[in-house]
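# Summary of structural features
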Amino acid sequence: MAVALDVRDFGFQPGVTADAGPSLRSALQAARGGARLELVAADYHVWPETSVHRELFVSNTVGTDPRFATKSLGLVLDGVEDLVVTAPGARLVVHGRQTALAVIDSRRVVVDGLEIDWAVPTVVDVTVAEAGAGADGGWRLLTVPACTRFRVDGTDVVWLSERSPSTGEHYWSGRNALAYSQTCDLATGRVRRARCPLFDDVARIEVIDDRTMRVSYLTSSVPEDRGLVYQLRETDRDHPGMLVLDSAEVAMRRMRIRYLHGFGIVAQNGRDLTLDRVVFRPPEGTGRVTAGFADFVQCSGMQGRVDIRDCEFDGPHDDAINIHGTYLAVTDADGNAIDLAYMHDETAGFPPFAPGDEIELVERRTLRPVHATTVAAATGPTGRDSASLAAPMRARLVDALPAAVLAQARAGELAAENTTRTPEVTIDGCRFRRIPTRAILVTTRRPVRIQGCRFESIAMPCIQIAADATGWWESGPVRDVRVEGNTFRDVVSGVLEVAPGVASDAPPVHDAVRFEHNDVELAEALLADMRGLRSFVARDNAVRWSTGATVSREAPVIRAAAAVHVEWRAGGASSLHPVVRRPS
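The following refers to the structure shown. The model shown is predicted, which means the values in this text are computed figures rather than measured ones. (Residues numbered from 1 in each chain as written. Predicted model: local features only at pLDDT ≥ 70, side-chain atom pairs only at ≥ 80, totals over all residues. Heavy atoms only, no water.)

## Looking at the overall build of the chain
Across its full length, the chain carries 2 helices and 53 strands. Its C-alpha atoms give the chain a radius of gyration of 25 Å, within 12% of the compact-globule value 25 Å for 584 residues. Residues classed as buried in the chain amount to 59% of the 584 residues present. Sequence-distant contacts, at least 24 apart, represent 71% of the contacts inside the chain between residues at least 6 apart. With 65 positive and 77 negative side-chain charges, the chain shows a spacing of 3 Å between the two charge centroids. (Helix = DSSP H or I, 4+ residues; strand = E, 2+ residues; numbered from the N terminus. Rg over C-alpha atoms; globule rule 2.2 N^0.38 Å. Buried < 20%, exposed > 50% of the residue type's maximum accessible area, 1.4 Å probe, protein only. Contact = heavy atoms within 4.5 Å. Lys, Arg positive; Asp, Glu negative; His and termini not counted. Charge placed at Lys NZ, Arg CZ, Asp CG, Glu CD.)

## Let's talk about helix 2 (residues 403–410)
All of the buried residues in helix 2 are Val 405, Leu 406, Gln 408 and Ala 409. In a view along the axis of helix 2, the buried residues occupy a sector of 160°, so they form one face of it. The exposed set on the far side of helix 2, more than 90 degrees from its buried face, consists of Ala 403 and Ala 404. Next to the buried residues of helix 2 lie strand 31 (328–334), strand 33 (358–363), strand 34 (369–379) and strand 36 (414–418). Where helix 2 terminates, the next one or two residues include Gly 412, which has phi positive at roughly 75°. (Arc of directions from axis to C-beta.)

## Concerning the environment of Glu 456
Locating Glu 456 in the fold gives a position in strand 41 (residues 454–456). Every residue in contact with Glu 456, bar those within four places of it in the chain, is listed here: Arg 431, Phe 432, Arg 433, Arg 434 and Arg 489.

## Examining the pairing of strand 13 (residues 149–153)
The pairing of strand 13 with strand 14 (residues 156–160) spans 5 bridges and is antiparallel. Bridging from a neighbouring strand, Arg 149 pairs with Leu 160 of strand 14. Between strand 13 and strand 14, which pair antiparallel in sequence order, lie 2 residues; one of them, Gly 154, sits at a positive phi of approximately 65°. (Pairing = 2+ DSSP bridges.)

## Description of empty space enclosed by the protein
Going through the model one piece at a time under the given rule, you end up with 5 cavities of 30 Å³ or more. One number sums up the size of the largest cavity: a volume of about 110 Å³. Considering the residues around the largest cavity, the lining is formed by 14 residues, among which Asn 269, Gly 301, Thr 326, Pro 352 and Asn 418 are closest to the centre. Every element with two or more residues in the lining of the largest cavity is listed here: strand 30 (321–326) and strand 36. Here the residues of the lining of the largest cavity are counted per class, giving 5 nonpolar, 7 polar and 2 charged. Taken as a whole, the second largest cavity holds about 50 Å³ of empty space. (1 Å grid on protein atoms, 1.4 Å probe; cavity = no way out; pocket = protein on both sides within 12 Å on 5 of 7 lines; lining within 4 Å. Points joined across faces, edges and corners; volume = space filled by probe spheres on them. Nonpolar A, V, L, I, M, F, W, Y, C, P; charged D, E, K, R; others polar.)

## What to know about the sheet that holds strand 16 (residues 180–185)
The 7 strands lie next to each other as 17-16-20-11-12-19-18, forming an open sheet whose pairing is antiparallel. Every other strand in the sheet has two partners, leaving strand 17 (191–193) and strand 18 (202–209) as the edge strands with one partner each. Across this sheet, the average inter-strand angle for adjacent strands is 25°, counted without regard to direction. Inspection of the sheet shows strand 11 (residues 124–134) paired to strand 20 (residues 228–233) by 4 bridges, in the antiparallel sense. Bridging across to strand 20, Asp 125 finds its partner in Gln 231. (Axes fitted to C-alpha atoms, helices over the stretch in contact; angles between N-to-C directions.)

## Section: the packing of aromatic side chains
Scanning the entire structure with this criterion turns up 13 aromatic pairs. Judged by centre distance (6.0 Å) and plane angle (65°), the ring pair of Phe 150 and Trp 159 falls under edge-to-face. In this pair, the class of Phe 150 matches that of Trp 159, namely buried. Taking the centre distance of 5.1 Å and the plane angle of 5° together, the rings of Phe 313 and Phe 432 count as stacked. Placement of Phe 313 in strand 29 (residues 312–314) and of Phe 432 in strand 38 (residues 431–433) is noted, with a sequence separation of 119 residues between them. (Phe/Tyr/Trp six-rings, centres within 6.5 Å; stacked < 30°, edge-to-face > 60°.)

## Thoughts on unusual backbone geometry
Cis rather than trans, the peptide bond between Ser 475 and Gly 476 has omega equal to 5°. One can find Gly 476 in the loop between strand 43 (474–475) and strand 44 (481–484). Of note, the phi angle at Leu 178 is positive, near 55°, even though the residue is not glycine. Locating Leu 178 in the fold gives a position in the loop between strand 15 (173–175) and strand 16. Judged by relative accessible area, which is 18%, Leu 178 ranks as buried. Its identity is not glycine, yet Asp 490 carries a phi of approximately 50°, on the positive side. Relative to the elements of secondary structure, Asp 490 occurs in strand 45 (residues 487–491).

## Things to note about the nonpolar core
Tyr 44, Leu 77, Ile 116, Phe 313, Phe 432 and Phe 455 are the most contacted members of the largest nonpolar core, which has 115 residues in total. For Phe 455, the residues in contact, after removing those within four places along its chain, are Phe 432, Ala 439, Ile 440, Ile 450, Cys 462, Ile 463, Asn 486, Thr 487, Phe 488 and Arg 489. Residues Ala 177, Cys 196, Leu 198 and Met 213 belong to the second largest nonpolar core, which totals 24 residues. (Core = buried A, V, L, I, M, F, W, Y, C linked by side-chain atoms within 4.5 Å.)

## Some thoughts on the sheet that holds strand 35 (residues 394–397)
On the basis of which strands lie adjacent, the closed barrel formed by 6 strands has the order 31-32-35-34-33-36 and antiparallel pairing. Averaged over all adjacent pairs, the angle separating strand axes in this sheet is 45°, with direction ignored. Direction of pairing for strand 31 relative to strand 36: antiparallel, over a ladder of 2 bridges. Note on strand 36: the bridge partner recorded for Leu 328 is Ala 416. Sheet strands in contact with helix 2 are strand 31, strand 33, strand 34 and strand 36, and its direction is about 120° off that of strand 31.

## Examining the side chain of Arg 438
Looking at where Arg 438 falls in the secondary structure, it is placed in the loop between strand 38 and strand 39 (440–442). For Arg 438, the side chain forms a polar contact with the side chain of Asp 319, separated by 2.9 Å. Apart from residues no more than four positions distant in its own chain, Arg 438 is found in contact with Asp 318, Asp 319, Ala 320, Ile 458, Met 460, Pro 461, Cys 462 and Gln 464. (Polar contact = N/O pair within 3.5 Å; in protein donor to acceptor, adjacent residues only side chain to side chain.)

## Side note on the environment of Val 120
On the secondary structure map, Val 120 appears in the loop between strand 10 (115–118) and strand 11. Overall, the relative accessible area of 3% leaves Val 120 in the buried class. As a C-alpha pair, Val 120 and His 95 span 25 residues in sequence and 7.0 Å in three-dimensional space. Once residues lying within four places of it in the same chain are set aside, the contact partners of Val 120 are Cys 147, Arg 149, Leu 160, Ser 161, Glu 162 and Trp 172.

Structural data, given as structure tokens:
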């Protein structure tokens with residue numbers, strides 16, 4: 001029977017303890033052998049100065065940039081087994097730039113009921129409350145959430161984090177529009193990547209109160225963006241917001257994610273991840289519309305199952321879910337060994353293979369498989385220390401490469417994918433809204449089920465299937481994807497895009513997508529856009545125009561390369577029947 005532990009027995013006092021880090025670490029140390037740890041209803045503040053600090057290299061973040069090698073980890077579950085953390089009413093409040101929660105080298109872990117938020121989110125949400133023009137020129141009245149801090153420096157606004165209790169310095173600061181912006185239209189729910197004009201041609205800035213400023217301009221025109229929210233941030237993904245690393249059978253249940261700095265939940269090189277009734281959404285009534293600095297969920301090199309059920313995804317700055325492997329460039333070969341390299345600046349520094357892993361070698365230009373084999377031994381980075389980055393990445397194989405494959409490897413024509421680390425995926429009953437990019441990206445050769453979900457006003461294709469060994473180097477082919485019983489609303493860029501990064505004359509990379517019993521409302525004519533796919537079968541779908549759609553309303557369009565087999569069976573007499581357009 002699991003030992004029952006209470007965080008109050010380790011020095012935590014609700015409403016009194018200003019830094020919960022030491023108490024949380026003591027409690028988790030006691031729980032390493034298996035326990036049920038209760039986090040009572042309270043705010044648990046974690047600060048970078050007293051958090052755990054480790055060198056970690058994480059997919060899709062900052063690669064091996066030495067500035068960000070050391071991560072600050074707020075709540076750390078390290079080397080634990082059979083642990084259940086129950087936290088209804090508990091809120092983890094993160095300060096500065098950190099990883100809120102990290103599960104490392106652990107097995108059979110459940111985190112239930114925890115809420116996570118940042119004291120001062122690293123995305124600044126600025127609402128245009130009013131706009132107009134007078135004798136002196138145009139003006140905007142801008143409001144920010146209560147947690148956002150700023151000061152005026154001449155005609156600039158300087159955004160500020162909270163101050164460190166140790167040094168008195170701000171953890172971060174930035175000016176005006178920062179490095180990246182997007183807009184959220186509260187009336188329509190549409191979010192778009194867009195340039196921020198709020199601080200162009202500024203004549204003066206008047207601070208009304210700690211949440212409001214009036215910005216006057218040198219130009220006389222009336223700004224036309226009243227009601228829009230501008231979401232501003234920098235671009236370095238210096239931390240994963242949460243991390244599941246080299247761990248198995250990890251479940252997050254009934255959690256409330258109000259904000260994640262950096263790069264969402266990254267699950268890397270593990271097995272069996274469950275997200276169940278997790279809500280990614282900023283707190284209501286606060287003026288905040290952003291819940292994620294980038295993606296919400298990123299699974300890289302996972303195996304077993306990834307189950308995401310009854311979750312809500314609202315307000316990221318990139319994709320809601322991205323599940324993929326990683327192609328590595330084969331830089332040289334010798335008999336039964338290959339030399340390898342990471343090729344994208346944001347992904348590097350962690351071990352891609354382990355002895356016993358099955359791998360597939362593909363042509364970079366076409367992603368056509370040329371050889372499958374097994375790793376006998378591997379050298380390279382550990383993912384845990386900078387010193388190991390200098391170790392050459394080499395995999396010794398159980399068999400010798402055929403002569404033709406060896407020649408291609410030596411010519412730099414091949415890439416390698418770890419096919420052991422490819423999960424079966426189920427995304428069931430989830431809701432996606434206010435997404436500036438795609439709701440779901442998925443590339444895995446094992447079965448994929450996307451069912452019973454609702455997609456609202458997604459800016460780019462709702463679902464994308466890609467894979468490439470030239471750009472992001474995210475692998476690999478899909479073989480069996482079923483998109484069933486979903487609801488798509490205000491579709492502006494298609495419900496599906498299949499777009500592997502291959503030459504136009506390459507054979508199909510992906511095998512089969514079935515699209516059945518879905519309910520689709522189109523705001524634009526494009527329904528799907530597909531190339532590099534063998535077969536698309538659609539049956540019993542209801543397709544109609546959205547209310548207020550401005551397209552010609554002749555027929556929806558499926559764009560498909562010549563090699564794509566398209567089969568469409570209408571879902572009833574009232575359903576629109578798309579036209580299939582092939583390249584000329």
